[in-house]
Every structure is written in C-alpha cells, then in structure tokens.
Amino acid sequence: MAEMDEQERKIVNEFCHLLEKSKQLFNGLRDLPQYGHKQWQAYFGRTFDIYTKLWKYQQQHRQILDAKFGLKRWQIGEIASKIGQLYYHYYLRTSETNYLNEAFSFYAAIRGRAYYTRTAKDDRNVQMSDLMVKKLRYYARFIVVCLLLKRMKLVRDLVRELSKQIDEYTATYEPEDQLEWSLVLAEIKSFIDADNTINVLDMDSNTIVLSHRLSGHNTPPVEKTPLMTLTLQEILIVGNCNDQVKFSELTIDMFRMLQTLEREPQEDITQLYDTSPAPTKMAAFNGDTTTTTTTTNTTTTTTTTTSNPATTNLPSGGPGSGGGTGGGGGGIGGPRTLKRDNPHKYLLYKPTFSQLMVFLASGFKELPANGAMLLYISADPAYSNAKHPQDPAYDFGGVITNSKRDNTTTTTTTTTTTAASDHSNASKRALQLKDMHCFYPGDLYAFTRKPLFIVVDSENSAVFGNMPHFFGQPLVILMSPQDTPTQFQDQHHRGNLFTLFLHSPLMGLCLVSSLCDIPMALWEKCQTLVDRFSAEASRLVARGRSVDPSFLQFFGDDFLRLLILRYIFCSTVLRAHRVFKGRQFYPRTHPALPEAEILDHPALYSLVLDLAAALDVSHLYYDSHDLQ
C-alpha cells in the first residue's frame with residue numbers, strides 16, 4: 001500500500017471499520033428468528049444503516065481508496081450484492097413486492113458495471129476461486145429475483161451467462177463442487193421450462209410474459225354484505241413434492257401460489273433503469289468515478305422461509321423511516337407508506353413437523369382482530385395402513401411435509417413379547433406411518449380457534465375434509481382432486497393441476513384441453529370470458545341461500561375471494577370435461593359448496609362451453625344437455 005498522509009490514513013481506517021462492521025452484522029442475520037414480526041426489525045435496521053454508510057463512503061472517497069487501499073471492483077460488487085440480498089430477504093420478510101424492485105436494481109447495476117468480470121482471469125489461487133463462487137452465487141440470486149419479477153428474457157440471458165461462468169470455473173479450477181453447480185444450472189432450466197406450461201404468443205409468434213399477481217384488472221367484483229368482515233393477514237406456503245421441479249427452495253407450486261397471493265408491484269418501471277444502483281438516486285454513477293447526490297437510511301431483510309405482517313414504526317434505517325428521496329420503494333432507506341399491500345407470508349420448503357408448528361403458532365399469535373390465516377400445502381400423500389381406522393384426525397393419513405425419518409419419534413409400543421410376530425410387524429408398520437414429519441388434519445385442530453382458510457394440493461387431500469368446527473370460527477378447506485386422468489399424470493413434475501387453476505384459471509383450462517400455444521388476441525378474448533365467469537360466480541356466492549357462512553365471512557377479502565372463485569371455475573371445468581369422469585377427479589371443499597346453486601349452475605356451465613368453443617375444443621366437453 002502506497003505511503004499515506006494523516007487524512008488518507010483516516011479515510012482508509014474508517015472504510016476498513018465500516019467494511020468489517022457490515023460483515024459482522026450481515027453474518028448475524030442468519031441467527032435471527034425466521035418468524036414473528038418484531039424480533040428482527042431493529043437488527044435489520046442497524047445492518048442497513050451500516051451498509052448505507054459504507055456505500056456512500058466508498059463513493060465519496062473512491063479515488064483515495066483506489067490508490068491507497070487498492071479497492072477492487074469486485075469488492076464494490078460484493079457490497080452491492082449484499083445490499084441486493086438484504087432487499088430480497090426483506091421482501092421475504094414483509095411480502096412487499098416493491099422490495100424485489102430494489103433488489104433487482106442493485107443486482108442489475110452489478111451486471112451492468114461488470115464488477116465481477118476479472119475474477120476468473122487473475123492468478124489461479126484459492127482467493128480467485130472463492131471469488132468465482134461469489135460470482136456464481138450472485139448469478140443464482142439474480143435469477144431468482146428476475147423469476148419473481150417475471151423478467152423472463154433477462155432470466156434466459158442470465159442462465160446463458162451462468163452456464164458459461166460455470167464452464168470457466170470448472171475448467172480453470174477443477175473444483176470439488178463442479179457437480180453441485182451443474183445441478184443448480186439443471187434445476188434452473190427445468191424450472192423455467194415448467195413455468196412455460198402454456199405459451200401466449202404475439203403476432204410474430206414470440207412468447208409474451210404475463211403476470212398473474214392481483215391487480216385492479218383481475219380483482220373479482222363482490223356485492224358486500226355485513227358478514228364479509230375478515231381480511232387475510234397471515235399466509236403459510238408449504239411445499240414438499242419430491243418429483244416436482246424446484247429452484248432455490250421454491251417448488252413450482254410454491255412459486256405460483258406466492259405470486260397469486262401478492263399484488264402487482266406499483267413501482268415506476270423507469271426507475272429500475274436509473275443510472276444509480278438504487279432507484280432512489282442515492283448515488284449517481286459516472287463510469288468508475290462517483291459523486292454522491294442525495295442519501296439516507298436503509299432497509300431490512302432475511303431468509304428463504306419468512307415474513308411479517310404490517311410493519312409500522314421501524315427503527316432508523318428500516319423501511320418506513322423517513323429521510324432521503326425517491327419513490328414508493330424507498331430505495332436504500334427512502335420513505336414508504338406504512339400501509340401494507342400484501343398479506344404476510346412464510347415460505348416453508350420441506351419443513352419438519354416442529355418447524356411447521358412453530359410457524360403456524362407464530363402466524364396464529366400475530367393475527368389481529370378480524371384477521372384470517374391461510375395455510376397452503378402442496379405435498380406428497382401419506383396413506384394410512386390402519387385396518388380399522390376410526391379417528392379422522394389421525395387414522396386416515398395426511399401429507400408428508402418432510403421426508404426425514406426420526407427414529408426417536410417413532411411411537412413403537414410393541415414390546416409385548418406374547419403377541420404374535422405377524423401382528424407385531426403389522427403394528428410396527430402402522431405406527432411408523434405416524435412419524436414426526438407427517439402432517440395430519442388433527443394437527444390443525446388447535447388453530448381453528450381463529451379464522452382459518454386451508455388449501456391442500458395432494459393426492460390425499462380428502463382427509464382434511466372432515467375437520468370439525470370445535471370453536472365456531474370461520475373455516476374453509478379447498479382440496480385438490482385425489483386423482484388425475486392418465487393422460488395428464490406426466491405433467492405432475494411441472495406442477496399440480498389444482499394449483500395451476502388457482503394461479504391462472506385460463507392456463508388450467510388450456511392444459512386440460514391439451515393446448516400449448518395460444519395467440520394473444522385469443523387469450524384476451526378468453527380472459528374476458530373468465531372474468532365474466534368470476535363476476536357471475538361472485539354474485540351467486542354472495543346471494544346464495546345455501547352457502548355456508550364461513551365462505552361469506554372470507555369472501556370480502558380480495559385474495560380469499562379470488563381463490564374461492566377460481567376453485568369454482570376449476571370444479572366447473574373438470575365436471576364438464578369428458579375425460580374427468582368420477583368424483584375422484586373433482587376438487588372438494590369443506591364445508592361443501594351447493595352443487596345445484598353454484599357448482600352446476602347453468603350460467604357458469606354455459607360460460608365454460610363458450611370458452612371451449614372460443615378455443616375450438618368443444619369436443620372435449622359435455623354439451624349443455626348432457627349436464628347431470
């Protein structure tokens with residue numbers, strides 16, 4: 001390091017202090033609880049404060065740090081990457097999609113300024129190998145953010161770049177984790193392929209990327225009644241389908257459902273391409289030199305399975321704190337409205353029983369007055385081997401949320417030496433089914449003390465259809481069909497059919513109609529018919545004399561109403577489809593929706609036939625006179 005005068009030494013020492021402090025705080029994030037609303041906010045506020053100071057400091061003193069400290073471009077990239085991670089994890093904590101835009105802007109700046117370009121071209125030593133791994137991880141994280149923002153063209157560009165970087169990494173260093181990175185790349189490609197179940201094409205046959213988040217355009221209308229008092233506040237999204245594509249601890253079903261339960265980001269799209277790495281113009285970049293303009297505090301974030309409900313007063317440096325300039329996203333600490341747009345979510349990939357119960361209890365505890373909790377489970381079935389099942393809470397099986405076996409939890413009490421050996425073996429098999437990580441309907445009974453909305457997508461979903469109303473609180477359960485016709489079973493790894501209907505009803509209809517490509521003009525025409533279906537179904541539910549009050553109490557919430565109406569659409573389509581013969585192919589609800597009054601209503605059936613005619617697949621559906 002070159003000779004330094006007093007002022008230069010102070011600048012370098014302060015930068016080193018901020019850098020070390022930022023690393024300590026960042027590393028401490030992993031120790032924070034992944035549940036609850038309050039425990040993590042102050043720590044994240046401090047973390048963002050220090051990163052704001054560090055980011056501004058390296059901008060203000062770039063020339064001295066370059067000359068006297070030897071500041072590398074990849075080090076600047078690392079700081080920006082960590083800020084991007086903070087924003088992404090804050091999105092996971094809060095469910096607010098605008099923070100995805102913040103993460104995107106930092107990640108895009110890293111790529112645009114090629115901060116990591118030299119990591120593979122320097123000396124072949126351990127340090128450069130580690131830097132290459134940082135670069136690969138950055139690509140993987142950037143891809144996740146772009147997937148969630150539906151920036152599919154950029155996703156494909158990033159996948160190509162990641163593939164080249166992995167090839168260069170393995171050729172240069174011959175690392176031990178070569179296979180792991182190859183698997184990551186294969187996962188990403190499979191995930192993208194699965195997400196393209198139905199292609200909507202423009203006039204030049206190019207695929208159009210559609211967003212399926214809630215917006216003013218697709219929020220179904222409702223005739224409000226005094227019963228409609230509940231709002232969705234807490235969401236748990238659980239995924240464990242072993243043969244389903246996944247990426248970054250998100251199965252395709254989880255990925256679809258989390259978007260279904262979010263509102264479309266309202267961020268000004270032009271801000272995402274601002275010259276600064278944050279859309280708040282915290283610092284303006286001019287090539288490799290930088291000048292600070294405006295400034296301020298920061299934000300907060302965490303890890304892959306979390307979130308928290310309405311954030312009110314965050315500490316200095318957290319979203320919601322004042323200071324700085326910028327729009328709705330708040331940049332790195334710009335002002336934000338305190339109103340929460342989206343319900344608070346936890347994303348749980350293959351949770352153990354204890355983890356799932358902890359998160360359920362946390363969501364239950366945090367429910368405000370007139371708040372409702374939603375549990376969505378997409379999981380493999382766990383069938384019962386009991387010869388004489390009696391207790392619907394546990395004897396009929398459930399779903400497997402984690403495939404681990406815990407020998408210490410197997411409830412074997414077969415030490416009766418006088419029992420016949422065959423009886424003993426049968427008892428062991430039956431008891432082993434009730435392992436720690438099988439989730440049964442009875443496990444949810446305690447949580448029905450507050451309004452609970454459940455969606456189960458599993459071949460054994462029907463076992464959740466007999467849950468009692470012990471506490472008189474609103475309870476609705478949507479259950480997927482127990483079986484799928486043979487010709488559609490090979491689609492299972494690309495996502496479950498029931499979840500696809502809840503995510504995009506028209507895509508579900510196209511899939512069961514064996515349509516892969518659909519022109520945009522036809523898509524829009526059909527979407528208008530789907531909207532008419534939703535409006536008519538909403539009217540029927542709101543006015544239905546036989547509709548259970550639980551449905552009406554949930555029906556005032558936009559997200560829960562959307563799920564109920566899309567369930568009705570799914571049920572009507574499958575009942576009308578000639579291949580889906582038998583009740584095992586139909587979804588179910590508990591309490592049951594009236595068939596004559598809603599599910600088999602002629603007006604809804606007619607709209608499904610209109611959709612089939614528009615798509616030229618009428619031969620796959622029963623005519624109206626065949627309606628039973």
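What counts as what
Residues numbered from 1 in each chain as written. Predicted model: local features only at pLDDT ≥ 70, side-chain atom pairs only at ≥ 80, totals over all residues. Heavy atoms only, no water. Helix = DSSP H or I, 4+ residues; strand = E, 2+ residues; numbered from the N terminus. 1 Å grid on protein atoms, 1.4 Å probe; cavity = no way out; pocket = protein on both sides within 12 Å on 5 of 7 lines; lining within 4 Å. Points joined across faces, edges and corners; volume = space filled by probe spheres on them. Polar contact = N/O pair within 3.5 Å; in protein donor to acceptor, adjacent residues only side chain to side chain. Axes fitted to C-alpha atoms, helices over the stretch in contact; angles between N-to-C directions. Parallel < 35°, antiparallel > 145°, perpendicular 65-115°, else oblique. Contact = heavy atoms within 4.5 Å. Nonpolar A, V, L, I, M, F, W, Y, C, P; charged D, E, K, R; others polar. Phe/Tyr/Trp six-rings, centres within 6.5 Å; stacked < 30°, edge-to-face > 60°. Buried < 20%, exposed > 50% of the residue type's maximum accessible area, 1.4 Å probe, protein only. Lys NZ or Arg CZ within 6 Å of the ring centre and 35° of its normal. Pairing = 2+ DSSP bridges. Salt bridge = Lys/Arg side-chain N within 4 Å of Asp/Glu carboxyl O. Core = buried A, V, L, I, M, F, W, Y, C linked by side-chain atoms within 4.5 Å. Left-handed = near helix turned anticlockwise from the far one by under 90°.

Participant: Outline unusual backbone geometry, supporting the account with residue identities and numerical values.
Facilitator: Across the chain, the bulk of peptide bonds are trans and the bulk of non-glycine residues have phi less than zero. The omega angle of the peptide bond from His 590 to Pro 591 is -5°, so this bond is cis rather than trans. Counting through the fold element by element, Pro 591 comes out in the loop between β14 (588-590) and α17 (595-599). Not every positive phi belongs to a glycine, and Ala 114 is a case in point at roughly 50°. The phi angle at Ser 248 is positive, at roughly 55°, despite the residue not being glycine. Locating Ser 248 in the fold gives a position in the loop between β3 (246-247) and β4 (250-251).

Participant: Describe in detail the layout of surface pockets, supporting the description with residues and values.
Facilitator: Gaps left between atoms show up when a probe the size of a water molecule is rolled over them. Approximately 540 Å³ is the volume attributed to the second largest pocket. As for the second largest pocket, its lining consists of 27 residues, and the residues nearest its centre are Ser 211, His 217, Asn 218, Gln 527 and Asp 531. Only α14 (520-543) and α16 (558-576) provide two or more residues apiece to the lining of the second largest pocket. If one sorts the elements of the lining of the second largest pocket by residue count, α14 sits on top with nine residues.

Participant: Explain the side chain of Thr 401 to me, using residue names and the numbers behind them.
Facilitator: With respect to the helices and strands, Thr 401 occurs in the loop between β9 (398-400) and α11 (421-433). Here Pro 351 takes part through its backbone oxygen, which lies 3.0 Å from a polar atom of the side chain of Thr 401.

Participant: Residues and numbers for the packing of α16 against helix α18 (residues 602-614), please.
Facilitator: Closest axis-to-axis distance for the α16/α18 pair is 10 Å, and the angle between their directions is 70°. With respect to α18, the element α16 is oriented roughly perpendicular. Of the residues in α18, those touching α16 at Ile 568, Phe 569, Thr 572, Val 573 and Ala 576 are Leu 604, Tyr 605, Val 608 and Leu 611. Its residues placed into classes, the contact of α16 with α18 shows eight nonpolar, one polar and no charged.

Participant: Could you give an account of the packing of aromatic side chains, with specific residues and numbers?
Facilitator: Under the definition given, this model contains 29 aromatic pairs. Centroid distance Tyr 90 to Tyr 99: 4.7 Å. Interplanar angle 85°. Geometry classified as edge-to-face. Residue class for Tyr 99 comes out buried when judged on its relative accessible area of 2%. The ring centre of Phe 26 lies 5.2 Å from the NZ or CZ of Lys 82, which sits over that ring. The residue whose ring lies beneath Arg 151 is Phe 104, and the NZ or CZ to ring-centre distance is 4.3 Å.

Participant: Talk me through the pairing of strand β8 (residues 371-382); I want residue IDs and the actual numbers.
Facilitator: Across the twelve residues that make up β8, a large majority, eleven, are buried. By the bridge criterion, six bridges tie β8 to strand β11 (residues 452-457) in an arrangement that is parallel. Its bridge partner lying in β11, Tyr 376 is registered against Val 455. In this structure, β8 lies alongside β9, joined through three bridges in antiparallel fashion. Along β9, the bridge assignment pairs Asp 380 with Ile 400.

Participant: Outline the environment of Val 245, supporting the account with residue identities and numerical values.
Facilitator: With respect to the element layout, Val 245 can be found in the loop between β2 (231-240) and β3. Assessed through its relative accessible area of 12%, Val 245 is described here as buried. Each C-alpha atom of the pair Val 245 and His 493 lies 5.9 Å from the other, and the pair is 248 residues apart in sequence. Discounting chain neighbours no more than four positions away, the residues touching Val 245 are Ser 190, Phe 191, Ala 194, Leu 250, Thr 251, Ile 252 and His 493.

Participant: Residues and numbers for the pattern of salt bridges, please.
Facilitator: Applying the stated criterion to the full structure yields 18 salt bridges. A salt bridge links Lys 68 to Glu 8; its shortest N-O distance comes to 3.9 Å. Pair noted here: Lys 68 is in helix α3 (residues 62-69) and Glu 8 is in helix α1 (residues 6-28), with a separation of 60 residues, a long-range link. Neither Lys 68 nor Glu 8 differs from the other in exposure class; each is buried. Among the ionic pairs, Glu 187 bridges to Lys 246, the shortest N-O distance being 3.4 Å. Of this pair, Glu 187 sits in helix α8 (residues 178-195) while Lys 246 sits in strand β3, and the two are 59 residues apart along the sequence.

Participant: An account of the nonpolar core is needed here, citing residue identities and associated values.
Facilitator: Core analysis: the largest hydrophobic core is formed by 156 residues, its most contacted members being Phe 453 and Ile 568. If you tally residues by element for this core, the top one is helix α6 (residues 126-148), at 15 residues. Setting aside chain neighbours within four positions, we find Phe 453 in contact with Met 373, Leu 374, Leu 375, Val 476, Leu 478, Phe 554, Leu 560, Leu 563 and Ile 564. Leu 236, Leu 348, Phe 359 and Ala 393 belong to the second-largest nonpolar core, a separate cluster that totals 28 residues.

Participant: Lay out the environment of Leu 86 in plain terms, naming residues and giving numbers.
Facilitator: Within the secondary structure layout, Leu 86 lies in helix α4 (residues 73-94). Residues Leu 86 and Glu 102, spaced 16 residues apart in sequence, show a C-alpha to C-alpha distance of 9.6 Å.

Participant: Account for the packing of helix α7 (residues 152-173) against α8, with residues named and values stated.
Facilitator: The N-to-C vectors of α7 and α8 enclose an angle of 165°; their axes lie 11 Å apart at closest approach. On the basis of the axis angle, α7 is roughly antiparallel to α8. Considering only the axes of α7 and α8, their crossing is left-handed. Along the contact surface, α7 presents Met 152, Val 155, Arg 156, Val 159, Leu 162, Ser 163, Ile 166, Tyr 169 and Thr 170, while α8 presents Gln 178, Trp 181, Leu 185, Ile 188, Lys 189 and Ile 192. Considering only residue class, the contact of α7 with α8 consists of ten nonpolar, three polar and two charged.

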